[in-house]
Amino acid sequence: MSNPIRVCLRILAVASVLFAPVAASAEPPPCPTWFPDFSDCGRSGRWEGFTMPIAAPYLFEDPFITTGVQAVGIWHDFTDSTLGGEAWVLAVQARIAITDKLAFIATKDGYTWMDDTALGSPDGFWDITAGFKYALIEMPEQNFILTPSLRFDIPVGQKKVLSGNGDGVIIPAVSAAWGTGKLHFIGDLGFRIPFSGNKESTSMFYNLSAAYNIHEHVIPLVELNGYHWISSGNDSSFGLGATGVEGVDVVNLGSTGVGGSDVLTMSFGFRFPIRKHVSAGMAYEIPVTQNRDIFERRATLNLLIEY
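Residues numbered from 1 in each chain as written. Predicted model: local features only at pLDDT ≥ 70, side-chain atom pairs only at ≥ 80, totals over all residues. Heavy atoms only, no water.

Trainee: I'd like a rundown of the overall build of the chain, residues and numbers included.
Mentor: In terms of regular secondary structure, the chain is built from one helix and 15 strands. Considering the chain as a whole, with its 307 residues, one finds that 46% of them fall into the buried category. Within the structure as shown, the chain displays about 14700 Å² of accessible surface, and the carbon and sulfur contribution to it stands at 66%. (Helix = DSSP H or I, 4+ residues; strand = E, 2+ residues; numbered from the N terminus. Buried < 20%, exposed > 50% of the residue type's maximum accessible area, 1.4 Å probe, protein only. Areas by Shrake-Rupley, 256 points an atom, 1.4 Å probe, with all protein chains shown as cover.)

See the structure below:
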C-alpha cells in the first residue's frame, strides 16, 4: 500500500475516534445524603403529575420533600366582616431538602398593606412561621406519600397589622398525596396551639386539593380549606378581642366567643407549568359557610421555582 493511502487511512481512523458520539451514561451519579437537590443527580422531590396547592399557602403544606422558592401575592377582601376593608400581601416561601426525606420549610412571612374601617390604613410585617417535615411513608408504586410536619409561628410581626400577638404558636400537622391517571389529590390536617392560650385562639385546620392534568401547561385545581376553633382566646390587644371574629389562616386575634365555630372556603384555580422547575399559579377563593369571620373573598397569585 502506498504511503499516501496509508496516511489517509490513519487520518480517517483518528477522526473516527475524535468525532465519534460519546455514549450517554447509563445512570446519573448517585445523590448525596445531605442536600441532594444541590447536586446534579437527577432527583425530583415532587412526583410526576402532582402540583403544589395554591390557596391557603401559609398553612397548607404538601407532603413532598423539595427545594425551592415561591413568591406569593394575595388580595384579601373582608368587606362584610367586623373589620371591613381589604388587604394586599407580598410574601416569599422557602423549602430546602436536607435529605431526600427531611426538609426545612419557611411557610409564612410577608409584608401587608391594609385599608380597614376599624384599623385605618396600616402597613407592616407579619409573623414568621418555619419548621420541618419528614416523609414518613413513601409508596411510589401506589402513588401515595404521607408526611408529618412541625412548625412554629414566631410573633415578630407588627401589631398594627394584627401580628406580634402572644408568645408563639406550635403547628403540628400531617399531609398526604395520592393520584391515579391524570387526577391527583393532596390533603392535610393540623392544629395551631398557642403557648399563651389566653392571648390567642386554639384551632384545627384541614385542606384538600384536587388537580386534573388536562394539559402539560394547564392544570386546573379545586381546593377546600377548613378551620375549626377549638377554644377562644381572651385578649383585646387589637381592640377586636370581643368581636367573636377570628383571622382564619392568616392572623390569630385571640378573640373571645369563637370556640366551636367553623369556616369552610372553596377555591378554583390553575397551575401553569412554564418550563421545567418553573410554574405559576392563580386561585379565587370564597367562603361556603354562613360563618365567614374575616373572609369575604381572596385572590392568590404565585410563582414557583422548585427542584
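Trainee: Go over the state of the cysteines, please, and point to the residues and values.
Mentor: Tallying each qualifying case throughout the model produces one disulfide. Here cysteine 31 pairs with cysteine 41 through a disulfide, and the sulfurs are 1.9 Å apart. Measuring handedness by torsion sign, the sulfur bridge of cysteine 31 and cysteine 41 sits at about 90° and is right-handed. Of this pair, cysteine 31 sits in the loop between α1 (3-18) and β1 (68-77) while cysteine 41 sits in the loop between α1 and β1, placing them ten residues apart in sequence. (Disulfide = S-S within 2.5 Å.)

Trainee: Requested: an account of the packing of aromatic side chains, with residues and values cited.
Mentor: Under the defined criterion, the tally for this structure stands at eleven aromatic pairs. A ring pair is formed by phenylalanine 50 and phenylalanine 64, whose centres lie 5.1 Å apart and whose planes are at 50°; its orientation type is tilted. On the criterion of sequence distance, the pair formed by phenylalanine 50 in the loop between α1 and β1 and phenylalanine 64 in the loop between α1 and β1 is long-range, its members being 14 residues apart. Each member of the pair, phenylalanine 50 together with phenylalanine 64, is buried. Between phenylalanine 104 and phenylalanine 132 the ring centres are 5.7 Å apart and the planes differ by 65°, which places this aromatic pair in the edge-to-face class. Note that phenylalanine 104 is positioned in strand β3 (residues 102-108) and phenylalanine 132 in strand β6 (residues 128-134), a separation of 28 residues in sequence. What makes phenylalanine 104 partly exposed here is its relative accessible area of 30%. Residue classification places phenylalanine 132 among the partly exposed positions, given a relative accessible area of 44%. Joined through ring pairs, the aromatic side chains of Trp47, Phe50 and Phe64 make up one cluster. Taking NZ or CZ as reference, lysine 108 lies 5.8 Å from the ring centre of tyrosine 58, over its face. (Phe/Tyr/Trp six-rings, centres within 6.5 Å; stacked < 30°, edge-to-face > 60°. Lys NZ or Arg CZ within 6 Å of the ring centre and 35° of its normal.)

Trainee: I'd love a proper account of the environment of valine 250, names of residues and values included.
Mentor: Turning to its location among the elements, valine 250 is positioned in the loop between β12 (219-231) and β13 (262-275). Here the alpha-carbon distance between valine 250 and proline 57, two residues 193 residues apart in the chain, equals 9.5 Å. Contact partners of valine 250, with chain neighbours within four places excluded, come to Lys108, Trp126 and Arg298. (Contact = heavy atoms within 4.5 Å.)

Trainee: Break down the nonpolar core for me, citing the residues and quoting the values.
Mentor: Core analysis: the largest hydrophobic core is formed by 39 residues, its most contacted members being Phe64, Trp126 and Tyr227. Looking at this core, the elements with two or more residues in it are β1, β2 (85-97), β9 (169-180) and β12. Apart from the residues within four sequence positions on either side, phenylalanine 64 is in contact with Gly45, Arg46, Trp47, Phe50, Lys133, Ile145, Ala177 and Ile186. Counting five residues, the second-largest nonpolar core is a separate cluster that includes Ile54, Ile219, Leu221 and Ala283. (Core = buried A, V, L, I, M, F, W, Y, C linked by side-chain atoms within 4.5 Å.)

Trainee: Break down the pattern of salt bridges for me, citing the residues and quoting the values.
Mentor: Opposite charge on two side chains makes pairing possible when the charged atoms of those side chains draw close. Tallied over the full model, the rule gives twelve salt bridges. Linking arginine 43 and aspartate 37 is a salt bridge whose minimum nitrogen-to-oxygen distance equals 2.7 Å. Each member of the pair arginine 43 and aspartate 37 is classed as buried. Its salt-bridge partner being aspartate 62, residue arginine 46 comes within 2.7 Å of it at the nearest N-O pair. Here arginine 46, found in the loop between α1 and β1, pairs with aspartate 62, found in the loop between α1 and β1; they are 16 residues apart in sequence, far enough to count as distant. Assessed through its relative accessible area of 11%, arginine 46 is described here as buried. Taken together, the shared-partner salt bridges connect Arg46, Glu61, Asp62, Arg95, Lys133 and Glu306 into one network. (Salt bridge = Lys/Arg side-chain N within 4 Å of Asp/Glu carboxyl O.)

Trainee: Please give an account of the pairing of β3 that cites residues and values.
Mentor: Relative to β3, β2 runs antiparallel, the two sharing four bridges. Bridge pairing in β3 places alanine 94 opposite alanine 106. In this structure, the hairpin formed by β2 and β3 is closed by a connection of four residues. (Pairing = 2+ DSSP bridges.)

Trainee: Outline a nonpolar patch on the surface, supporting the account with residue identities and numerical values.
Mentor: Nonpolar side chains collect at one region of the surface, where Ile128, Leu150, Phe152, Ile154, Val156 and Phe195 lie side by side and expose about 530 Å² of accessible area between them. Along the chain, valine 156 turns up in the loop between β8 (144-154) and β9. (Patch = residues over 30% accessible without salt bridge, like charges linked within 9 Å, V, L, I, M, F, W, Y side chains within 5 Å.)

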